[in-house]
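Breakdown of the fold
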4 protein chains.
Amino acid sequence: MTAPASTAPDPLNTAVLTITCPDRGGIVAAVSQFLHNHGANIIHSDQHSTDPQGGTFFMRMEFHLAGLDLAREPFERAFANVVATPFEMDWSVHYTTQPKRMAVLVSRYDHCFLDLMWRKRRGELNVEIPLIISNHEDLRRDAEMFGIPFHVVKVTKENKAEAEAEQVRLMHEANVDFAVLARYMQILSGELLRDFGRPVINIHHSFLPAFIGANPYRAAFNRGVKLIGATSHYVTEELDAGPIIAQDVIPVTHRETPDTLMRLGRDVERQVLARAVKAHVEDRVLVHGNKTVVF
Amino acid sequence: MTAPASTAPDPLNTAVLTITCPDRGGIVAAVSQFLHNHGANIIHSDQHSTDPQGGTFFMRMEFHLAGLDLAREPFERAFANVVATPFEMDWSVHYTTQPKRMAVLVSRYDHCFLDLMWRKRRGELNVEIPLIISNHEDLRRDAEMFGIPFHVVKVTKENKAEAEAEQVRLMHEANVDFAVLARYMQILSGELLRDFGRPVINIHHSFLPAFIGANPYRAAFNRGVKLIGATSHYVTEELDAGPIIAQDVIPVTHRETPDTLMRLGRDVERQVLARAVKAHVEDRVLVHGNKTVVF
Amino acid sequence: MTAPASTAPDPLNTAVLTITCPDRGGIVAAVSQFLHNHGANIIHSDQHSTDPQGGTFFMRMEFHLAGLDLAREPFERAFANVVATPFEMDWSVHYTTQPKRMAVLVSRYDHCFLDLMWRKRRGELNVEIPLIISNHEDLRRDAEMFGIPFHVVKVTKENKAEAEAEQVRLMHEANVDFAVLARYMQILSGELLRDFGRPVINIHHSFLPAFIGANPYRAAFNRGVKLIGATSHYVTEELDAGPIIAQDVIPVTHRETPDTLMRLGRDVERQVLARAVKAHVEDRVLVHGNKTVVF
Amino acid sequence: MTAPASTAPDPLNTAVLTITCPDRGGIVAAVSQFLHNHGANIIHSDQHSTDPQGGTFFMRMEFHLAGLDLAREPFERAFANVVATPFEMDWSVHYTTQPKRMAVLVSRYDHCFLDLMWRKRRGELNVEIPLIISNHEDLRRDAEMFGIPFHVVKVTKENKAEAEAEQVRLMHEANVDFAVLARYMQILSGELLRDFGRPVINIHHSFLPAFIGANPYRAAFNRGVKLIGATSHYVTEELDAGPIIAQDVIPVTHRETPDTLMRLGRDVERQVLARAVKAHVEDRVLVHGNKTVVF
């Protein structure tokens, strides 16, 4: 199956540099001068400061690699010495020709899952998807349709610890960089999060912080709200309290029931999750405490 | 000062009938047959049922008065006897030539207040505004610009009971049908609500039920949400928990501070409050428990 | 493959009555009285009048069939005699247990097509899809994944008449009630439309009437608009000029190219088309001249 | 009248540098190095390139003036010599303590006009408004309420040339930097635009390029669109064809008439115009051919 050529461009031969550091004068000058000196032409640049007097500074720079006068390793070493260390930077460089590796965890709902698979196929998400993990068989055929290994790990009250250990093992074995809970209907333990040790993105079916926890559409119905929404956030040990990446809502009326709210909400959920995953994949999200900067 | 003619049409000579009753067969037929028999041509009709089997039925019918074969009083009496009593209806009729009388309570913020004044002047809101009550002098000149009596009733911890009694007295004296809190920065006591005995509409500066209480923009900033919103609701004794009439949100980014969130939020607040007031004024809102039907 | 139970409810045993007729007093009374007399409990009712004095009246009533005292045929005959003929109604009744039959025409773009398939599978669209017709092989495997016969009818300048005849033959043979052009990249001739003789729904990738014709994203880029959109409409002989069913837009910035506009636009196109198809399938769309009433 | 303190902050002591030049390596480095060398701490930075290989480069940098080691004139001269000339830049520096001077032209509609006045009063728009020009008396009292000189210049077919000359004279005399047509219902001649010689911002009541010219709400009604919108753009000699700064839409249904569309549209018009004026005032809009870059 081929997508129309114009909608699936080759990933550009570019790199993305992200920086978090204490704010002070001269950072932009130092970084841009360094990149220019080494032949890296800047394509996009974003910066943010929580407070120009003594706050935290965030930056994302995307640049062409074509004219670079150094190989990646010496380039990164030089950057560390010349720029990053003097400015006490927390930084990283990602190369668009090395897509991030993403695990997807699903239960029985297909909408978020299918949307991610389709966007990957269309070239909208620059990721590799080496595996899908589910606690149910339901979505196996869909996964196979997209040619992706599908692992069922049943989770019960009794086997939760072993099941999570198996999930972490599978994800580490597949060398994934991050995981996405595409309406995965299980709460991850703090132990799993620590053992996995990489970002996990969730989609919650409400405009957090309203309607934390289970059954948000029922709660929204009971409160009589005129908007329902979805929130994508990084998973932390505290349920539904991690740093928010993306949110959206749609208007609803008194005509809806909890069931039709759920149905309408699916369109928001899949859009919001896709937006968050795309931002993460393109290194646009910098986490700062319990909040995000999304460039 | 004249608004352009086409935007301030004369109120039509119509009436609005609103009905709440136990659902059962034949309601629509009985109502529409009655109206037809008496020469009332239906312009708009909306109905809703919480559950066609034994739920609650809601209806709003707007009809022309031109061909009515009865005066208002006998018409309403006949409706009560022939239709309303047999179907156990909670009902009312409002005539668009008798605009509702609205009190506006304000503090120092001008945005919601001015928006209501402008809409009234342009003919968008079919209301009379016999008085404005404030706990500050700030908006007196604006009120006078619109030719509306402006009463300052200072509220302190010590005089709260007397101050509220004075507010109720002023509103009753002015014979108002409902009151609007246009960012009135005081909590109304249950006693005031009972003494006033008519609907009170509030605008809360968050997408309730998130960020109940004071300082919602600060709370939104702290949580790092990507949307801020506003909620207009009927005031009940429980703070920020009354039936929601209208809600909306706008997207925000990490670039905002609590101050700029507040600034951005003003545009949502005034739009949402105006929408709720307009719906109330046009008898489009039927309250049912802690929820609303908005036709 | 099973969707979660709660999201694929059995179609209710209901019927939808749609009416278009000259406006005059007593229509609502006559229709609701007739339904009540025959034991049909009304669930939803919507009406619209272009002008209460001498305009056109539109109505959609959804009612339960459980208590009906007549079989379908005598029920419809009685309605024709008692109500429809006296009021000169153009009318029809559709039964939700008899889903409409939909043909889907596609070329090489998969997004609108897959979205319709997913929604059908999840129970969001109460349709049968007996066939898919394409002028390319590309989407065969996707069609087969959903178990739907896939017919390739190549269309060239030389064979256009025969190709269209074959398309009409296939659709008539499959007894379809309407067709959807899910980014089908061919213009249908007036002859095909007449021979097919049933509604055809298209999705155009702009907010019509802006950017009629080919390459709307390129045209949007050249004009420097800050919104791009999509429009779903019934197909008429005049290109992109048929009655509009649904439209939506998304904001865009100077950063986009014609290619990225096309990519962003896909999300709007598929949502707008799905909304239009759902409205059509649920008999919510009444065409009046070159405009629609969408209940 | 005092606005609450927190919503009307003193303009910061900052400057905005905007640059348009041929794209090539080293621009960001040169500009940021220059600013850093002279003690200017960068607060915000945005850049855009139409094509990193040989396209046009756009930049907006906002920086603190507190630490600057030069007065404004020598600072600008140094920038011209050291950076701007070598890179062939079209550039300017604006100081936030020197607000732009804005003329407002109105006819009889008050909504866009009042919204701008109110935002100015609230401190949302960092402008001076030395005069208002109208072809009608209607809004004089509102203008006076805001303390702004109101000039009536009647425009007829016969006196158009003299009337426009008088308008230009008034605006030049008041030393305005740009003009806003806040639903000014007259077409400006090319001669006026040339004589005035400064930017003019208009609000058109449709989502251009749909419904160019007069009566767009009537045209939208006739076409049966499901969205209406507004477009703010710089005025050029060709009607409704200038570079677009901001656009937005709202959904509408078959229930609306041309009159109610106009009424609903007012809320979009005033928001879109305010957004465009704010962007212009903050030097966020760079014009490039018939398009804009809006940072």
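Rules of the game
- Residues numbered from 1 in each chain as written.
- Chains lettered and ligands numbered in written order.
- Predicted model: local features only at pLDDT ≥ 70, side-chain atom pairs only at ≥ 80, totals over all residues.
- Heavy atoms only, no water.
- UniProt positions renumbered as here; feature names shortened; annotations may be inferred.
- Helix = DSSP H or I, 4+ residues; strand = E, 2+ residues; numbered from the N terminus.
- Rg over C-alpha atoms; globule rule 2.2 N^0.38 Å.
- Buried < 20%, exposed > 50% of the residue type's maximum accessible area, 1.4 Å probe, protein only.
- Contact = heavy atoms within 4.5 Å.
- Areas by Shrake-Rupley, 256 points an atom, 1.4 Å probe, with all protein chains shown as cover.
- Salt bridge = Lys/Arg side-chain N within 4 Å of Asp/Glu carboxyl O.
- Pairing = 2+ DSSP bridges.
- Domains from an automatic or database assignment.
- Polar contact = N/O pair within 3.5 Å; in protein donor to acceptor, adjacent residues only side chain to side chain.
- Buried area = accessible area lost by both parts, 1.4 Å probe.

Under an unreviewed UniProt entry, the name given to chain A is Formyltetrahydrofolate deformylase, and the source organism is Deinococcus seoulensis. Under the heading Catalytic activity (unreviewed entry), UniProt records this for chain A: "(6R)-10-formyltetrahydrofolate + H2O = (6S)-5,6,7,8-tetrahydrofolate + formate + H(+)".

With that settled, consider the overall build of chain A. Within chain A, the secondary structure is distributed over eight helices and 13 strands. Computed over its C-alpha atoms, the radius of gyration of chain A comes to 21 Å, within 12% of the 19 Å expected for a compact globule of 295 residues. With respect to the principal axes defined by its C-alpha atoms, chain A has extents near 60 × 45 × 45 Å. Counting every position in chain A, which comprises 295 residues, the buried fraction comes to 60%. Summarising the internal contacts of chain A: among those between residues at least 6 apart in sequence, 67% fall at separations of at least 24. Accessible surface, chain A: about 11400 Å² in total, of which carbon and sulfur atoms supply 52%.

Moving on: the pattern of salt bridges. Oppositely charged side chains can form a pair if their charged atoms are brought close together. Counted under the stated rule, the structure contains 92 salt bridges over all chains. Across the pair Glu124(C) and Arg266(A) runs a salt bridge, and its minimum N-O distance is 2.6 Å. One end of the pair, Glu124(C), is in the loop between helix 3 (111-121) and strand 6 (127-134); the other, Arg266(A), is in helix 8 (residues 258-281), on a second chain. We note that Glu124(C), like Arg266(A), is buried.

Moving on, we get to the pairing of strand 10 (residues 227-234) of chain B. Residues and elements named next belong to chain B. Burial analysis of strand 10 places eight of its eight residues in the buried class, which makes it a mostly covered element. Residue alternation in strand 10 divides its side chains into two sets, Leu227, Gly229, Thr231 and His233 and Ile228, Ala230, Ser232 and Tyr234, and both sets are buried. The sheet contact formed by strand 9 (residues 200-204) and strand 10 spans four bridges and is antiparallel. By the bridge assignment, Ile203 is partnered in strand 10 with Ser232. Of the pairings in the sheet, the one linking strand 10 to strand 11 (residues 244-251) comprises seven bridges and is antiparallel in character. Residue Thr231 lies in a different strand from strand 11, and its bridge partner there is Gln247.

Another aspect to go through is the domain arrangement of chain A. Residue and element names in this part refer to chain A. Domain boundaries assigned for chain A yield domain 1 (5-95) and domain 2 (100-294). Each of domain 1 and domain 2 has a C-alpha centre, and these two points are 30 Å apart. Facing the 14 residues of domain 1 at the interface are nine residues of domain 2. Put simply, domain 1 and domain 2 have three residue pairs in polar contact (both at pLDDT 80 or more) between them.

Turning our attention to the interface of chain C and chain D. Every contact between the two is made by 32 residues of chain C and, on the other side, 32 residues of chain D. The junction of chain C with chain D conceals about 2600 Å² of combined surface from both sides, 56% of it contributed by carbon and sulfur atoms. Considering only the side of chain C, the residues that lose the most area to chain D are Arg223(C), Lys226(C) and His254(C), jointly responsible for 27% of the buried surface there. Counting across the chain C and chain D interface gives zero salt bridges. Linking chain C with chain D are 18 residue pairs in polar contact (both at pLDDT 80 or more), by the criterion used here. Of all elements in the fold, only strand 2 (42-49), helix 7 (216-223), strand 11 (244-251) and strand 13 (291-294) of chain C reach the threshold of two or more residues within the side of chain C that touches chain D. Here the element with the most residues in the side of chain C that touches chain D is strand 11 of chain C; it accounts for six residues.

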